[in-house]
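Chain and residue survey
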Amino acid sequence: MSVYVISGKDTFRAESYLRYILEQNNVPKGSVTTIDASDRKFRLDAALAECDSFSLFDEGGRAVILKDPSFLSASAKTAAAGKKNESEKDDRLRMLESYLSVPDHPAHLIVMMSGSDADSRKKEYKLFVKYKAVIQKFDRMKDKEFAAYADNLLQKNGIRCIREARRELLERVGTDTGLLSAAIEKILLYGKKEISEEDVRGLVSLNADVNIWKMSDAFISGNLEETMKVKEDMLRNGYDLNAITAMLASRLRTSFYMKRLFENGLSNEEIAVRIQGNAWAVSKNLDKMFRMRSHDVLRLLNELAELDQAVKAGKADLKEGFDLFLLRNGRAN
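Residues numbered from 1 in each chain as written. Predicted model: local features only at pLDDT ≥ 70, side-chain atom pairs only at ≥ 80, totals over all residues. Heavy atoms only, no water.

Another point: the overall build of the protein chain. Looking only at helices and strands, the protein chain has 15 helices and 7 strands in total. Dimensions of the protein chain, computed from the C-alpha atoms along their principal axes, are close to 70 × 60 × 40 Å. Scored against the burial criterion, the 333 residues of the protein chain give a buried share of 39%. Considering only contacts in the protein chain between residues 6 or more positions apart, those separated by 24 or more positions represent 77%. Only carbon and sulfur atoms are counted for the fraction: they give 50% of the accessible area of the protein chain, which is about 19300 Å². Considering the protein chain, the positive charge centre built from 54 side chains and the negative charge centre built from 51 side chains are found 3 Å apart. (Helix = DSSP H or I, 4+ residues; strand = E, 2+ residues; numbered from the N terminus. Buried < 20%, exposed > 50% of the residue type's maximum accessible area, 1.4 Å probe, protein only. Contact = heavy atoms within 4.5 Å. Areas by Shrake-Rupley, 256 points an atom, 1.4 Å probe, with all protein chains shown as cover. Lys, Arg positive; Asp, Glu negative; His and termini not counted. Charge placed at Lys NZ, Arg CZ, Asp CG, Glu CD.)

Set out below in structure tokens:
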């Protein structure tokens, strides 16, 4: 039986690939054992023993899924160094190598990292590579890559979009493959094969993450008209003004950190490592911030914090205060 390691921040494609593996290997739902490998009580020896167990009732294949093993997580906190800790790690490596070095087992072993990357620096990961496990990483797509992916999926489902409808669809789903899949399912149920911009607006919900990025991009770039338009669109579609304000503040905090690091001489790649992002996104964000310095962003954050305190104290109205904040600061000088 095969060994797989699946990871990446695109959880929809990762989970789709998991389903594909189970289908291709004829593994029914009742023959899948899922083990939480992030739990402190997790025992690798017991999990590997499960892979080697037989069942007289399995009609197809069997699979054991290890969910989020801490020994492959880049974000896992390292315990204090000591003989016991080193001994446990050595035991784990010996057990894993002993298992992987044997080419055939009764069950497929699938390591599944939910929404995170497997740390390729770990010795355990290198063992998976050494013994030729199937390793698949599903990163979030960049805009152009996602657009091609969406076009292919639309064509595959026989859906035709005029240019405006395609643009609206991509804007609403962002680069989220799960949202795209849900949107296509709605369009298919709608029954029309040629979709207009109006159809997309009626069928596909606004993506809060995409719209707050759109709004904050416009705000940071000094495009006041677009900033106000996106904010009103979000309010009309049921988004809470408190949430919109909090999301903008969060984006500004990230932008402040990027700009401060940039002013301190770090490259886009170095900044990406610090914020656990990618250099392309850093470059795009810094380009939009060309008119601002880090102290300008800090001033905006302080203004939002003061507005929040005034609203909580009953001294200000959030809608009026937030609109004034945008009007004061959202236009390029």
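From this point, things continue past the structure.
This part covers the sheet that holds strand β3 (residues 63-67). Sheets are built from strands that pair by backbone hydrogen bonding, the pairs being arranged parallel or antiparallel. Strand order across the open sheet formed by 5 strands is β2-β3-β4-β1-β5, with parallel pairing between neighbours. Two strands in the sheet have a free side with no partner beyond their single neighbour: β2 (32-36) and β5 (134-137). Each strand axis lies, on average, 15° off the axis of its neighbour in the sheet, ignoring direction. Both strand β1 (residues 3-7) and β5 contribute to a ladder of 4 bridges, which runs parallel. Its bridge partner lying in β5, Ser7 is registered against Lys137. (Pairing = 2+ DSSP bridges. Axes fitted to C-alpha atoms, helices over the stretch in contact; angles between N-to-C directions.)

This part takes up the packing of aromatic side chains. Using the criterion set out here, one finds 5 aromatic pairs in the structure. Centroid distance Tyr17 to Tyr20: 6.2 Å. Interplanar angle 25°. Geometry classified as stacked. Residue Tyr17 and its partner Tyr20 are located together in helix α1 (residues 11-24), separated by 3 residues, close to a single helical turn. What makes Tyr17 buried here is its relative accessible area of 16%. Relative to Tyr149, the ring of Phe146 has its centre 6.1 Å away and its plane inclined at 40°; by these criteria the two rings are tilted. Remark: Tyr149 and Phe146 occur in helix α5 (residues 143-156); sequence separation between them is 3 residues, near one turn of the helix. Given the relative accessible area of 2%, Phe146 is considered buried. Tyr149 sits in the partly exposed class, given a relative accessible area of 22%. Taken together, the ring pairs connect Tyr17, Tyr20 and Phe138 into an aromatic cluster. (Phe/Tyr/Trp six-rings, centres within 6.5 Å; stacked < 30°, edge-to-face > 60°.)

The values are spatial; any link to function lies outside them.
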